[in-house]
Amino acid sequence: MGRIVDLRSDTCTLPTEEMLEATRYAEFGNDAFGEDPTVNRLQELAAEKLGMESSLLVASGTMGNLISMMTLVKGGDEVIVEEKAHLYYNEGRGISSLVRIFLRPIRGHLGALDPRDVQNAIRPIVQRAHDQPRTALVCIENTHNNAGGTVIRPEQIKEIQEVTHAHNIKLYLDGARIFNAAVALGVDVREFTRYVDCMMFCLSKGLSAPVGSLVVGSEDFIEKAKWARQEVGGAMRQAGIIAASGIVAIEKMVDRLKDDHRNARVLAGRLAEIEGISLDMETVQTNIVIFDVSGLGTDSNQFVFALNERGVKSKTRGKTAVRMLTHRGVEEEDIDYALTVIEDVARKFRKHRPFYES
Ligand code: TLP
């Protein structure tokens with residue numbers, strides 16, 4: 001088999017040797033009784049790193065967001081989200097059917113909600129009629145996946161928090177890649193989390209742990225979240241087997257995210273120079289690169305398929321856009337190789353472009 005460069009997702013990262021070693025020597029117990037020492041250590045570490053009281057290990061980011069919604073809102077409530085948010089775009093199905101709330105999407109700029117739009121979308125109590133839902137929560141995402149891994153800056157979050165607090169509504173953060181945001185700005189992750197009430201972040205993306213996400217917030221919120229977790233399957237017993245890698249992820253893998261960011265910039269810079277590809281460099285702030293291929297006279301499906309045939313794996317984003325992610329499984333030379341393949345594939349598409357389009 002030829003060379004493979006997997007740019008589909010940072011969820012493709014494999015555990016490090018240190019993680020496997022830590023797992024081998026970790027202590028285990030029954031987490032449903034709160035007795036797995038490794039899970040407890042991870043949960044304490046996560047809460048401390050993010051500057052919150054408590055945290056809870058769950059199987060995935062999707063599960064973390066779902067449990068959070070179950071805990072924060074009730075059936076019939078309305079939740080404000082950015083229109084390309086993962087919570088809306090990719091998880092809306094589970095959330096709407098299981099939590100029976102509806103998500104109200106609002107267009108943002110580079111993934112960031114404008115606080116004035118949030119203010120306008122919150123249903124005023126005075127005008128609230130029985131036929132209207134209650135605005136129960138505002139969700140933000142950082143980094144913002146579908147906007148291209150963009151960073152929502154702390155001061156932008158603060159402005160949204162001012163609106164939510166004024167309306168006595170909680171602010172929730174889908175922080176699947178919050179450490180990428182912190183590394184990109186060179187600030188402590190608490191600079192972002194101090195303005196939100198509760199959140200979720202993933203161990204299994206750029207941080208390279210094989211499984212797991214943490215829901216983080218006040219002690220009261222986490223206690224309630226345990227009930228919700230039970231409703232969707234419960235605790236995972238000797239989950240220290242997962243948590244051991246998670247501890248290594250938080251303690252050792254944050255700084256390396258800058259390598260992914262550098263590789264993404266190199267990738268994006270050269271992609272932007274390819275005739276027929278359009279890419280907004282303003283969106284390339286962390287490890288995600290999204291670009292449009294319609295100028296090559298093709299669609300995203302065909303383009304991704306053609307690259308895949310040559311061992312370069314990527315994902316479509318809608319009909320004309322392609323997404324590539326950098327991560328620990330992709331070295332500088334892999335980026336170089338992938339670019340050679342992409343340039344060649346793009347050339348072929350340009351050449352075979354139907355005459356009526358040129
Ligand atoms: N993102 C994944 C999936 O869409 C496959 C990816 O490859 O980007 N919030 C955000 C912002 C996410 O990007 C993701 C996953 C999740 C939540 C859900 O996390 P998991 O995959 O652990 O359920």
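Our subject in this report is the structure included herewith. Values in this document were obtained by computation on a predicted structure and should not be read as measured data. (Residues numbered from 1 in each chain as written. Predicted model: local features only at pLDDT ≥ 70, side-chain atom pairs only at ≥ 80, totals over all residues. Heavy atoms only, no water.)

Structural notes on the pattern of salt bridges
Logical step 1: Tallied over the full model, the rule gives 26 salt bridges.
Logical step 2: Across the salt bridge formed by Asp344 and Arg347, the nearest N and O atoms sit 3.0 Å from each other. Here Asp344 and its partner Arg347 are both found in helix α14 (residues 332–351), three residues apart, which amounts to about one turn of the helix.
Logical step 3: The structure contains a network of salt bridges with shared partners spanning Arg310, Asp344, Arg347 and Lys348. (Salt bridge = Lys/Arg side-chain N within 4 Å of Asp/Glu carboxyl O. Helix = DSSP H or I, 4+ residues; strand = E, 2+ residues; numbered from the N terminus.)

Description of the side chain of Thr71
Logical step 1: Along the chain, Thr71 turns up in helix α3 (residues 61–72).
Logical step 2: Note on Thr71: relative accessible area 19%, which makes it buried.
Logical step 3: If near-sequence neighbours (up to four positions away) are discounted, Thr71 is found in contact with Phe221, Lys224, Ala225 and Ala228. (Buried < 20%, exposed > 50% of the residue type's maximum accessible area, 1.4 Å probe, protein only. Contact = heavy atoms within 4.5 Å.)

Description of the sheet that holds strand β6 (residues 170–174)
Logical step 1: With mixed pairing, seven strands are arranged side by side in an open sheet as β2-β8-β7-β6-β5-β3-β4. Sheet topology places β2 (54–58) and β4 (102–106) at the edges, where each strand pairs with a single neighbour. Taken over all neighbouring pairs, the strand axes of this sheet differ in orientation by 20° on average, direction set aside.
Logical step 2: Of the pairings in the sheet, the one linking β6 to strand β7 (residues 198–202) comprises three bridges and is parallel in character. (Pairing = 2+ DSSP bridges. Axes fitted to C-alpha atoms, helices over the stretch in contact; angles between N-to-C directions.)

Some details on the site of the ligand
Logical step 1: Lining the immediate environment of the ligand, one finds 15 residues, of which Ser9, Thr62, Asn145, Asp174 and Arg323 sit closest.
Logical step 2: Between Asp174 and the ligand, the recorded distance is 2.7 Å, taken from a side-chain N or O atom to a nitrogen atom.
Logical step 3: Between the ligand and the protein, one listed contact pairs an oxygen atom with a side-chain N or O atom of Arg177 at 2.9 Å.
Logical step 4: Considered on its own, the ligand offers 510 Å² of accessible surface; in the complex 85% of this is hidden by protein.
Logical step 5: For the shell around the ligand, a count of residues per class yields two nonpolar, seven polar and six charged. (Near = heavy atom within 4 Å. Polar contact = N/O pair within 3.5 Å; in protein donor to acceptor, adjacent residues only side chain to side chain. Areas by Shrake-Rupley, 256 points an atom, 1.4 Å probe, with all protein chains shown as cover. Nonpolar A, V, L, I, M, F, W, Y, C, P; charged D, E, K, R; others polar.)

Some points on the packing of aromatic side chains
Logical step 1: Summed over the entire model, instances satisfying the criterion amount to three aromatic pairs.
Logical step 2: When the ring of Phe179 is compared with that of Phe201, the centres are 5.5 Å apart and the planes differ by 75°; the resulting orientation is edge-to-face. With Phe179 in helix α8 (residues 178–185) and Phe201 in strand β7, the pair connects residues that are 22 residues apart, well separated along the chain.
Logical step 3: On the accessibility criterion, Phe179 (6% relative accessible area) is buried.
Logical step 4: On the basis of an interplanar angle of 35° and a centroid distance of 5.9 Å, the ring pair of Phe303 and Phe349 is categorised as tilted. Residue Phe303 is found in helix α13 (residues 300–309), and its partner Phe349 is found in helix α14; the two are separated by 46 residues along the sequence. In this pair, the class of Phe303 matches that of Phe349, namely buried. (Phe/Tyr/Trp six-rings, centres within 6.5 Å; stacked < 30°, edge-to-face > 60°.)

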